[in-house]
Every structure is written in C-alpha cells, then in structure tokens.
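Chain by chain, the residues run as shown.
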Amino acid sequence: MIGSAGLGGGFAGLAGYLVYGRGRDDASHGTEDVAAVGRGAARVAWVETRNLETTDPAAAAEIMAATAKAFPNRLEKPVYHV
C-alpha cells in the first residue's frame, strides 16, 4: 500500500482526524480550533499520550500548539503524522 501525504490543519486538525476520522461533519475540520476537537462521535475507544500530563485530545493539541508557537524559529513543520 502506498500512502499519500497531504496538508492538514495543525495540531487540532490532526487530533480531530485521529479521534473522529476523515469524514466527520464538524465544520471546524482542518482548522486550529482546539475546542472543536471534542465534538462528534469518536472512532476510538481510548487515547494515550506520551510526555504530556493529559489524555484529552483537545488539551494535548493545545499544549503541542503552544509549544510549537513558543519556538517558531526552531520548527518548520511541527505537525507530522505517519
């Protein structure tokens, strides 16, 4: 299987995709609206993070976005998912 790369909407967009899938009806899909990550029916039973003190996807996306904004010159593309 050959994967395809695409442009996303930052940490909130990735968190929403991982938890709710590609075809969610949420109008904020692909944006940095961290509060919108927790909307809709989840496609996963549980979420686990590493090196963060939360398992809430919206909170994790907010923490990671804040960290990336704190070091804008050190990161070109802070969001990457394989």
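Scoring rules and cut-offs
Residues numbered from 1 in each chain as written. Predicted model: local features only at pLDDT ≥ 70, side-chain atom pairs only at ≥ 80, totals over all residues. Heavy atoms only, no water. Salt bridge = Lys/Arg side-chain N within 4 Å of Asp/Glu carboxyl O. Buried < 20%, exposed > 50% of the residue type's maximum accessible area, 1.4 Å probe, protein only. Core = buried A, V, L, I, M, F, W, Y, C linked by side-chain atoms within 4.5 Å. Helix = DSSP H or I, 4+ residues; strand = E, 2+ residues; numbered from the N terminus. Polar contact = N/O pair within 3.5 Å; in protein donor to acceptor, adjacent residues only side chain to side chain. Expected span 1.5 Å × (residues − 1). Arc of directions from axis to C-beta.

A. Layout of the pattern of salt bridges. One pass over the structure, following the stated rule, counts one salt bridge. Across the pair Glu48 and Arg50 runs a salt bridge whose closest N-O atoms are separated by 2.4 Å. Residue class for Glu48 comes out partly exposed when judged on its relative accessible area of 48%.

B. Quick peek at the nonpolar core. With five residues, the main nonpolar core is built from Phe11, Ala15, Ala61, Ala65 and Ala68. Where this core is concerned, the elements lending two or more residues are α1 (10-20) and α2 (57-70). Top element by residues in this core is α2. It accounts for three residues.

C. Main features of the side chain of Thr54. Its location among the elements puts Thr54 in the loop between α1 and α2. In this structure Thr54 comes out as buried when scored by relative accessible area, which is 17%. For Thr54, the side chain forms a polar contact with the main-chain nitrogen of Asp56, separated by 3.0 Å.

D. The arrangement of α2 in detail. In a regular helix each residue adds 1.5 Å, so 14 residues correspond to 20 Å; α2 covers 20 Å between its end C-alpha atoms and thus fits that length. Pro57, Ala58, Ala60, Ala61, Ala65 and Ala68 are the residues of α2 that are buried. End-on, the buried residues of α2 take up no more than an arc of 160°, which puts them together on one face. Looking at α2, the residues exposed on the side facing more than 90 degrees away from the buried face are Glu62 and Ala70.

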